[in-house]
Amino acid sequence: MLYLSTRGDQTPKHFCDILLEGLAPDGGLYLPAHYPTVDDATLSRLRSVYQNQGYAELAFEVLSLYIDDIPAADLKALCRKTYTAEVFGTPEIVPLRSLEDGIWLEALSNGPTLAFKDMAMQLLGNLFEYELARRGEELNILGATSGDTGSAAEYAMRGKKGVRVFMTSPAGRMSPFQQAQMFSLMDDNIFNIAVDGVFDDCQDMVKAVSNDLDFKRKYRIGTVNSINWARLLAQVVYYFAGYFQATQDNSEKVSFTVPSGNFGNVCAGHVARMMGLPVARLVVATNENDVLDEFFKTGVYRVRSSADTHETSSPSMDISKASNFERFVFDLLGRDAALTKSYFGDALGRVGFFDLEAHPTFSQAARRYGFDSGKSTHADRLATIKDTWEHHGMMIDTHTADGVKVAREHVQAGVPMIVLETALPIKFAETIVEATGREPDRPAKFIGIEALPKRVVTMSADVQAIKSFIAGHCV
Ligand SMILES: *Cc1c(COP(=O)(O)O)cnc(C)c1O
C-alpha cells in the first residue's frame with residue numbers, strides 16, 4: 001500500500017515512511033492511494049476473528065490491509081502487546097452497552113488516561129519504539145497540551161526506548177486531576193514543563209522550536225498530533241468492533257454519532273465506511289464550536305479566530321479549525337488534489353473560508369458519504385447528563401453527552417445508533433456535579449492520585465529556555 005498527499009505530492013511512500021512524519025512536504029495530509037475493500041466473506045471472517053480471538057487480532061487484520069512494510073509476525077505482536085484487557089479494562093476492549101431504545105454507547109475510554117485518544121496513542125507508542133529501533137534512531141516529541149492529548153501521549157511513550165516526550169502545558173490551568181495524571185509520571189523519558197502563560201503561549205513555543213530547522217534536525221524533534229495517519233488507522237478498528245457487537249448479520253446496518261473536534265475520530269469512521277463496513281449514517285456532533293456542523297448544513301467551511309473560539313465544558317472539542325478535515329474533503333472532491341489545494345492551501349489562508357455549495361457535486365456527495373451533523377450547548381450537556389443519570393443510571397462525560405444529544409435527533413427506526421464514548425465523567429467532574437449534584441465514580445487506580453509526588457519543571461514562556469532544556473536532556 002502506497003500513500004499520497006491530499007495536495008498532490010505523489011512520491012511513493014509506505015506506512016513506515018509516514019509513521020514518524022507530520023504533514024506531507026507540500027503541506028497536505030497523507031492518505032492511502034486507495035481504500036482496501038472488505039467483501040461480505042471477509043466481513044464475516046473479521047466478525048469471527050473479533051468474537052473468537054479478540055480485539056488485538058481484529059486490529060492486526062485491519063492494519064495489515066494498510067501496512068506492508070512491517071513483517072506480519074511483528075505487527076501481530078505489536079497489536080497483542082497494545083490491546084490487552086489489563087490496559088483497557090475488559091476483554092472486549094471497546095464494550096458496547098445499551099443506553100436506551102435504539103441507542104448504544106461504545107466505550108473507548110477505559111485506557112490509561114480515560115479518553116479515547118488512548119486507543120490510537122497506545123499503539124503509536126509501540127509502533128514508534130519498534131520503528132526507531134529498526135532504524136537505530138531516536139525521537140524527541142515536543143508538544144503543547146491543555147489536557148487530553150498530552151497525557152495520552154505521555155502514557156503511550158513512557159518507558160519506550162528511543163523516545164523522549166517534552167510536554168508543555170499552561171501552569172495551573174489544567175484540572176487537579178489532569179495535572180496529577182501527567183505530573184505523577186516518574187519515567188526518565190517523560191518531561192513535564194509547566195509554562196507561565198496560557199495554552200497559546202505553549203503552542204507558540206513549540207512552533208518556534210519546530211521552525212528552527214537546524215535545531216529540529218539536530219535534536220530530532222517530532223510530534224504526535226492528530227493528523228498522524230497511524231492514529232487515524234488505529235481508530236478504524238473500533239468502528240468494526242462496534243458494528244460486530246451491535247449486529248448479528250452483515251445485512252444489518254448501524255449508524256455512529258461521534259463527538260468531534262479535529263475530525264480525527266469521525267474520519268476513521270469515514271475510512272471504515274469506504275472500506276465497506278455497513279454504516280448508514282455518520283453523525284458529527286459538535287459543541288458551541290460548530291465549524292463542522294455549519295459545513296455539513298451549508299457547504300461553507302469557515303475557520304474561526306481565537307477570539308471566536310469558545311471555551312466550553314467539553315473542552316477537547318474546542319477547536320477553531322478541524323485539522324483532519326482536509327482528508328474527507330479530498331475524497332468529497334473526487335480526490336482532486338489541485339482543487340483541495342486551492343481550498344485548503346489558498347482560500348483558507350486568504351479569506352478564512354471556502355464554500356463547497358459552489359462545487360456542483362457537493363450536496364449529492366455529502367449525502368452519498370452518509371454524513372449528518374448537529375450541535376450541543378452547555379445547557380444541552382447538563383440536561384443530557386442529568387437525564388441519562390436519572391433515567392438510565394448511567395453517568396456520561398460532557399463530550400459523550402454532546403454525542404447523545406445529537407444522536408437522539410438522528411436515530412432511525414431499525415438502525416442501531418452507536419454513540420462513541422470519548423471520555424469518562426471523572427475527567428470533567430465539575431460539570432457532572434453541576435448536572436447531577438453527584439461526584440462521578442473514580443476508577444480504583446486513580447484514587448488518591450492528587451497526593452502523589454509530582455515531577456514537573458516550571459518555565460517562563462521563553463523559546464531559548466525550552467531549547468536549552470531539551471538540549472540538556474538529550475544525552
Ligand atoms: C480529542 C477528543 C475529542 C475530539 O476528537 P477529534 O478526533 O478531534 O474529533 C472528543 N472527545 C474527547 C474526550 C477528546 O479527548
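Refer to the structure printed above.
So, a few notes on the structure that sits alongside this text. (Residues numbered from 1 in each chain as written. Predicted model: local features only at pLDDT ≥ 70, side-chain atom pairs only at ≥ 80, totals over all residues. Heavy atoms only, no water.)

## Focus on empty space enclosed by the protein
- Enumeration according to the criterion identifies one cavity of 30 Å³ or more in this entry.
- The computed volume of the largest cavity comes to approximately 40 Å³.
- In terms of lining residues, the largest cavity is bounded by Tyr3, Leu4, Ser5, Asp9, Thr11, Lys13, Ala24, Pro25 and Tyr30.
- Here the lining of the largest cavity gets three residues from one element, more than from any other, and that element is strand β1 (residues 3–5).
- Here the lining of the largest cavity is composed, by residue class, of five nonpolar, two polar and two charged. (1 Å grid on protein atoms, 1.4 Å probe; cavity = no way out; pocket = protein on both sides within 12 Å on 5 of 7 lines; lining within 4 Å. Points joined across faces, edges and corners; volume = space filled by probe spheres on them. Helix = DSSP H or I, 4+ residues; strand = E, 2+ residues; numbered from the N terminus. Nonpolar A, V, L, I, M, F, W, Y, C, P; charged D, E, K, R; others polar.)

## Topic: the nonpolar core
- Ranked by size, the top nonpolar core spans 116 residues in total, and within it Phe128, Phe240, Phe263 and Phe325 carry the most contacts.
- Of the residues forming this core, the biggest block, 14 residues, is contributed by helix α11 (residues 229–246).
- Excluding its chain neighbours within four sequence positions, the residues that come into contact with Phe240 are Val38, Leu43, Leu46, Leu58, Val62, Ala272, Met275 and Leu277.
- Counting residues in each nonpolar core, the second largest holds 18 residues, with Met394, Met395, Ala407 and Ile432 among its members. (Core = buried A, V, L, I, M, F, W, Y, C linked by side-chain atoms within 4.5 Å. Buried < 20%, exposed > 50% of the residue type's maximum accessible area, 1.4 Å probe, protein only. Contact = heavy atoms within 4.5 Å.)

## Observations regarding the environment of Ala413
- Relative to the assigned elements, Ala413 resides in the loop between α18 (398–410) and β14 (417–421).
- Judged by its relative accessible area of 80%, Ala413 is exposed.

## A word on the pairing of strand β7 (residues 190–196)
- Most of β7 is tucked away, with six of its seven residues classed as buried.
- In this sheet, β7 lies alongside strand β6 (residues 163–170) in parallel orientation, the contact comprising six bridges. Within β7, the position partnered with Ser169 by the bridge is Ala194.
- Regarding the hand of the β-α-β motif, the stretch spanning β6, helix α8 (residues 176–183) and β7 is right-handed.
- The sheet contact formed by β7 and strand β15 (residues 457–460) spans four bridges and is parallel. Paired with Ile193 across the bridge in β15 is Val457. (Pairing = 2+ DSSP bridges. Right-handed = clockwise from strand over helix to strand, strands pointing away.)

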